[in-house]
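# Per-entry structural report
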Amino acid sequence: MKNPPVKRKIKKIERKEFSGIKGLVKPNVLALKAYDAKGAPCRVKLDANESPYPEPLNARFFRSVKTNRYPDPLAEDLRKAFANRMLPAKLRDIGRVLHGNGSDELIYNLICAFGGPVVYPSPTFTMYGKIAQALGEKDIAVPLGTDFEIDDEQVIKTFKKEKAKICFISRPNNPTGNSFSEKKVLNIIENVKGIVVVDEAYQPFSGKRSFLSRLDKYENLAVLMTLSKVGLAALRVGFLIASPELINEVNKTRLPFNVNSFSQAIAVRALEGKGLEEGIKKIVSERDRVFRELRKITGITAYPSDANFILFGAPDGGKEKIYRGTIRDGVLLRNLGSPSDGYLRVTIGTRKENDAFLRAIKKYGPLGGE
Ligand code: PMP
């Protein structure tokens, strides 16, 4: 039986007490746009700086994981395997290592722990700014100088003026691909009263010295690393390496079971094996070949890269033509900035995938037809 009067009454109470979702959301979150990492479905996926070489898996391995138990909250085997494989002997102490659900999560934990303002050079990895905004912290972008070099003096000045707490430096930098001058980064570490995070997500492809070896000298330095670029992006495993004191504080902001059991087990096996290095070598050699080929194409400006991707420019609206054209040929690139910015980024894939990209770019590049 219907009872219309009661129904009307309930509706009225709801309206009075609840003014809509948007009215309740924090203004800093309301102003955000969700990170959209989903590109068009393409046969050749060169948009997300992943490795083309997956870790081989077998069913027996999966049976060794107990799905009824929570993962090891401290990820001890994983942190040990990482420390043994990646850290210099003098720093090989798991008290210096914190595990994250990708290094994204560790950026979140760092800003949670230290607060803002958060400083970063620009353009760079967008999550430094987005996470700061989500946490209600001020974020300040300091433009890169010529040749995409970091403006160390401006970073130091901004830090002082804004009383900033933390600075993120992606080295090599995403999306420009260059490694900022070691001297300039050291200048920042030595002259700011705050934490400097050197994000080495792409360091394995660079041949440049890691900042890990400086950790015992600078207590305000922290290094971020990830397994996502070397064939294990699906696992979501990243690491923060710093002094035990810093790790202790950041660890307080970590959710208890942040890295799942499958990811821990697969990552340990990969860190103990030799497969990662082989993939890295192939990617570096392909990167250099793709760079040489891009440089031969009239109208395309390719920038030297220490990472597993290459940034390139196409003038006068050429960028949209290339981006749409290569998708039609089954090759997905990353389209950066506004249509007028003119930059695209290509991730290095297998030789076959890179050839598909080079064929497409020659066809749709500024001097090619559409
Ligand atoms: N740092 C940089 C510079 C990146 O480019 C990325 C991913 N694109 C990350 C961190 C995050 O990596 P993940 O969360 O997969 O470890």
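Residues numbered from 1 in each chain as written. Predicted model: local features only at pLDDT ≥ 70, side-chain atom pairs only at ≥ 80, totals over all residues. Heavy atoms only, no water.

Here the focus is the sheet that holds strand 3 (residues 118-122). Read across the open sheet, the seven strands follow the order 2-8-7-6-5-3-4; overall the sheet is mixed. For this open sheet the edge positions go to strand 2 (97-100) and strand 4 (139-143), each flanked by a neighbour on one side alone. Strand-to-strand twist of the sheet, defined as the mean angle between neighbouring strand axes without regard to direction, takes the value 25°. Looking at chain direction, strand 2 and strand 8 (residues 238-241) are connected through four bridges and run antiparallel. From the neighbouring strand, V97 faces strand 8, where its bridge partner is I241. (Pairing = 2+ DSSP bridges. Helix = DSSP H or I, 4+ residues; strand = E, 2+ residues; numbered from the N terminus. Axes fitted to C-alpha atoms, helices over the stretch in contact; angles between N-to-C directions.)

Turning our attention to the domain arrangement of the protein. According to the domain assignment, the protein contains domain 1 (30-51 + 276-364) and domain 2 (68-272). Distance from the C-alpha centre of domain 1 to the C-alpha centre of domain 2: 25 Å. Contact residues are listed per partner, giving 24 residues for domain 1 and 28 residues for domain 2. Interface area, domain 1 with domain 2, both sides summed: about 2,000 Å², of which 62% is carbon and sulfur. If you look at where domain 1 meets domain 2, you find two salt bridges. One salt bridge connects R85 with E277, and the closest N-O pair in it is separated by 3.0 Å. If you look at where domain 1 meets domain 2, you find nine residue pairs in polar contact (both at pLDDT 80 or more). Contributions of two or more residues to the side of domain 1 that touches domain 2 are made by helix 12 (275-295), strand 10 (309-313) and strand 13 (343-347). Residue contributions to the side of domain 1 that touches domain 2 peak at six residues, all from helix 12. Residues that form the side of domain 1 that touches domain 2 fall into these classes: 14 nonpolar, four polar and six charged. (Domains from an automatic or database assignment. Contact = heavy atoms within 4.5 Å. Buried area = accessible area lost by both parts, 1.4 Å probe. Salt bridge = Lys/Arg side-chain N within 4 Å of Asp/Glu carboxyl O. Polar contact = N/O pair within 3.5 Å; in protein donor to acceptor, adjacent residues only side chain to side chain. Nonpolar A, V, L, I, M, F, W, Y, C, P; charged D, E, K, R; others polar.)

The nonpolar side chains of a soluble globular protein tend to be buried with one another. Membership of the largest hydrophobic core comes to 83 residues, with the highest contact counts inside it found for L294, F312 and F357. Counting residues per element, this core draws most heavily on helix 12, at six residues. Each of domain 1 (30-51 + 276-364) and domain 2 (68-272) accounts for three or more of the residues forming this core. In this structure, I111, V118, L240 and L246 belong to the second largest nonpolar core, which totals 23 residues. (Core = buried A, V, L, I, M, F, W, Y, C linked by side-chain atoms within 4.5 Å. Buried < 20%, exposed > 50% of the residue type's maximum accessible area, 1.4 Å probe, protein only.)

Here the focus is the packing of helix 13 (residues 318-328) against helix 14 (residues 351-364). A pair of packed helices is characterised by two quantities: the angle between their axes and the separation of those axes. Look at helix 13 against helix 14: their axes get within 9 Å of each other, and the N-to-C directions meet at 130°. Taken together, the axes of helix 13 and helix 14 lie oblique to each other. Taken as a pair, helix 13 and helix 14 cross one another with a handedness that is right-handed. Mapping the contact onto sequence places K321, I322, G325, T326 and R328 in helix 13 and A360, I361 and Y364 in helix 14. When its residues are assigned to classes, the contact of helix 13 with helix 14 shows four nonpolar, two polar and two charged. (Parallel < 35°, antiparallel > 145°, perpendicular 65-115°, else oblique. Left-handed = near helix turned anticlockwise from the far one by under 90°.)

Another point: the packing of helix 6 (residues 102-114) against helix 7 (residues 127-134). Contact geometry for helix 6 and helix 7: axes closest at 10 Å, N-to-C directions at 45°. With respect to helix 7, the element helix 6 is oriented oblique. In this structure, helix 6 crosses over helix 7, and the sense of that crossing is right-handed. Contact residues: helix 6 offers D104, I107, Y108 and I111, while helix 7 offers M127, Y128, I131 and A132. Of the residues assigned to the contact of helix 6 with helix 7, the class counts are seven nonpolar, no polar and one charged.

By nearness alone, 14 residues border the ligand, and D199, Y202, T226, S228 and R236 come closest of all. Interatomic distance of 2.7 Å between a backbone N/O atom of S103 and an oxygen atom of the ligand. Separating an oxygen atom of the ligand from a backbone N or O atom of D104 is a distance of 3.0 Å. Contact with the protein chains covers 92% of the free accessible surface of the ligand, which is 410 Å². Here the element with the most residues in the shell around the ligand is helix 6; it accounts for three residues. Of the residues belonging to the shell around the ligand, the class tally is four nonpolar, six polar and four charged. (Near = heavy atom within 4 Å. Areas by Shrake-Rupley, 256 points an atom, 1.4 Å probe, with all protein chains shown as cover.)

The tally for this structure, following the rule as stated, stands at 19 salt bridges. The shortest N-O distance in the salt bridge between R214 and E182 comes to 2.3 Å. Placement of R214 in the loop between strand 6 (195-199) and strand 7 (221-226) and of E182 in helix 9 (residues 182-191) is noted, with a sequence separation of 32 residues between them. With a shortest N-O distance of 3.0 Å, K296 and E293 are connected by a salt bridge. One network of salt bridges, with partners in common, ties together E286, R289, R351 and D355.

To continue, consider unusual backbone geometry. Looking along the chain, the bond that leaves S122 and enters P123 is cis, with omega of 5°. Mapped onto the secondary structure, P123 falls in the loop between strand 3 and helix 7. The omega angle of the peptide bond from N174 to P175 is 15°, so this bond is cis rather than trans. Within the secondary structure, P175 is located in the loop between strand 5 (166-170) and helix 9. At A75, a position not held by glycine, the phi torsion is positive, near 45°. The topology assignment puts A75 in the loop between helix 4 (59-63) and helix 5 (76-86). Of note in this structure, D147 is not a glycine but carries a positive phi near 60°. For D147, the location among the structural elements is in the loop between strand 4 and helix 8 (152-162).

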